[in-house]
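Here are the chains, one letter per residue:
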Amino acid sequence: MSGNTDVVGDKERLLLGAGFAFGVMLTLVVLELVLVMNGTVPPGDLFTSPDALTVIAGIVFAGVVGIALFVLSFPGNRSRIPIAADDEK
């Protein structure tokens, strides 16, 4: 049995972050549907109501962050940038 089975790497952390961002995005989509269904935001005012615009901006932001974390979770899509001189390989 290897002692490294519990080690969480960069890929797992980034995928977890991407999943969290997509979960937030889905929650905001449900919130937007609730706002429309209970009459707080009329369906015709989705892009003019301040309440709806705030939620839509959150959906877009969470989507961009989720996509970026997902793309960066694969080593082929990112490059290693040395931070200190002794970090170079």
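Everything below is about the structure shown above.
Presented here is an overview of the structure given in this document. Remember, predicted model here, so these are calculated numbers, not experimental data. (Residues numbered from 1 in each chain as written. Predicted model: local features only at pLDDT ≥ 70, side-chain atom pairs only at ≥ 80, totals over all residues. Heavy atoms only, no water.)

## Side note on the nonpolar core
One finds Leu28, Leu35, Val41, Ala52, Val55 and Ile59 forming the largest nonpolar core, which totals 6 residues. Those elements that place two or more of their residues in this core are helix 1 (10-37) and helix 2 (50-72). Here this core gets 3 residues from one element, more than from any other, and that element is helix 2. Other than its neighbours up to four places away in sequence, Ile59 contacts Met25, Leu28 and Val29. (Core = buried A, V, L, I, M, F, W, Y, C linked by side-chain atoms within 4.5 Å. Buried < 20%, exposed > 50% of the residue type's maximum accessible area, 1.4 Å probe, protein only. Helix = DSSP H or I, 4+ residues; strand = E, 2+ residues; numbered from the N terminus. Contact = heavy atoms within 4.5 Å.)

## Quick word on the environment of Lys11
Position of Lys11 relative to the elements: it lies in helix 1. Taking the C-alpha atoms as reference points, Lys11 and Leu72, 61 residues apart in sequence, are found 8.1 Å from one another.

Honestly, that's just the spatial picture; any functional story needs more than this.
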